[in-house]
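Here is how the chains run, residue by residue.
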Amino acid sequence: MHPPKISVAVIIRRGHGEIFADEWYDSSRNSGTIWDACATTRLLTWPEDDEAAQEHHHALTDEICERTFEKVRSAIAEAFREVATEVLTRERKRG
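Since the structure is predicted, the reported quantities are computational estimates derived from the model, not experimental observations.

What counts and how
- Residues numbered from 1 in each chain as written.
- Predicted model: local features only at pLDDT ≥ 70, side-chain atom pairs only at ≥ 80, totals over all residues.
- Heavy atoms only, no water.
- Axes fitted to C-alpha atoms, helices over the stretch in contact; angles between N-to-C directions.
- Helix = DSSP H or I, 4+ residues; strand = E, 2+ residues; numbered from the N terminus.
- Parallel < 35°, antiparallel > 145°, perpendicular 65-115°, else oblique.
- Contact = heavy atoms within 4.5 Å.
- Patch = residues over 30% accessible without salt bridge, like charges linked within 9 Å, V, L, I, M, F, W, Y side chains within 5 Å.
- Areas by Shrake-Rupley, 256 points an atom, 1.4 Å probe, with all protein chains shown as cover.
- Salt bridge = Lys/Arg side-chain N within 4 Å of Asp/Glu carboxyl O.
- Phe/Tyr/Trp six-rings, centres within 6.5 Å; stacked < 30°, edge-to-face > 60°.
- Buried < 20%, exposed > 50% of the residue type's maximum accessible area, 1.4 Å probe, protein only.
- Core = buried A, V, L, I, M, F, W, Y, C linked by side-chain atoms within 4.5 Å.
- Disulfide = S-S within 2.5 Å.

K.L.:
Which residues make up the packing of helix H1 (residues 14–31) against helix H2 (residues 33–40), and what values go with them?
P.N.:
Where H1 contacts H2, the two axes come as close as 5 Å, and the packing angle between them is 80°. Of the possible angle classes, the one that applies to H1 and H2 is roughly perpendicular. In this structure, H1 contributes Tyr25, Ser28, Arg29 and Ser31 to the contact, and H2 contributes Thr33, Ile34 and Trp35.

K.L.:
Any details on a nonpolar patch on the surface? Residues and values, ideally.
P.N.:
A cluster of nonpolar side chains, namely Leu43, Leu44, Leu60 and Ile64, defines an oily patch on the protein surface of about 310 Å² accessible area. As for its position among the elements, Leu43 is in the loop between H2 and helix H3 (51–94).

K.L.:
So, the packing of aromatic side chains: which residues are in play, and what are the values?
P.N.:
This structure, assessed with the given rule, holds three aromatic pairs. Here Phe20 and Phe80 contribute two aromatic rings whose centre-to-centre distance is 4.3 Å and whose plane-to-plane angle is 20°, an arrangement assigned as stacked. In this pair, Phe20 sits in helix H1 while Phe80 sits in helix H3, placing the two residues 60 residues apart along the sequence. Residue classification places Phe80 among the partly exposed positions, given a relative accessible area of 27%.

K.L.:
Tell me about the nonpolar core, residues and numbers included.
P.N.:
Core analysis: the biggest nonpolar cluster contains seven residues, these being Ala21, Tyr25, Ile34, Cys38, Cys65, Phe69 and Ile76. Within the residue set of this core, elements represented by two or more residues are H1, H2 and H3. If near-sequence neighbours (up to four positions away) are discounted, Phe69 is found in contact with Ala21, Asp22, Tyr25 and Ile76.

K.L.:
Summarise the pattern of salt bridges; cite the residues concerned and give the values.
P.N.:
This model, assessed by the stated rule, comprises six salt bridges. One salt bridge connects Arg81 with Glu78, and the closest N-O pair in it is separated by 2.6 Å. Of this pair, Arg81 and Glu78 both sit in helix H3, three residues apart, roughly one helical turn. Overall, the relative accessible area of 25% leaves Glu78 in the partly exposed class. Counted as one network, the salt bridges with shared partners bring together Arg14, Glu18, Glu78 and Arg81.

K.L.:
Lay out the state of the cysteines in plain terms, naming residues and giving numbers.
P.N.:
Inspection of every chain in the model, using the stated rule, returns zero disulfides. The thiol of Cys38 is unpaired, and the distance to the nearest cysteine sulfur, on Cys65, comes to 4.3 Å. Classification of Cys38 as buried rests on a relative accessible area of 12%. Given the relative accessible area of 7%, Cys65 is considered buried.

Here it is, written out as structure tokens:
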């Protein structure tokens, strides 16, 4: 049994990858999973009962996450474009 045929983009552009990368980062910030991932590394210890230290902790993790994303955004966008092209080319050939 073959999967149902669906309409796919003819050309996958870098812009598609950039949208994907940005949405991935934004949704991970909105859900908090990016900070969960950072916390799992145990680079920083959560400062209990010290509001100023907690604010500083947030500033540090924000900077780490933001700068990491800036460094990998282009690679994510290109990887998405390449993989989407491969998968959708295969889908078109299935035709």
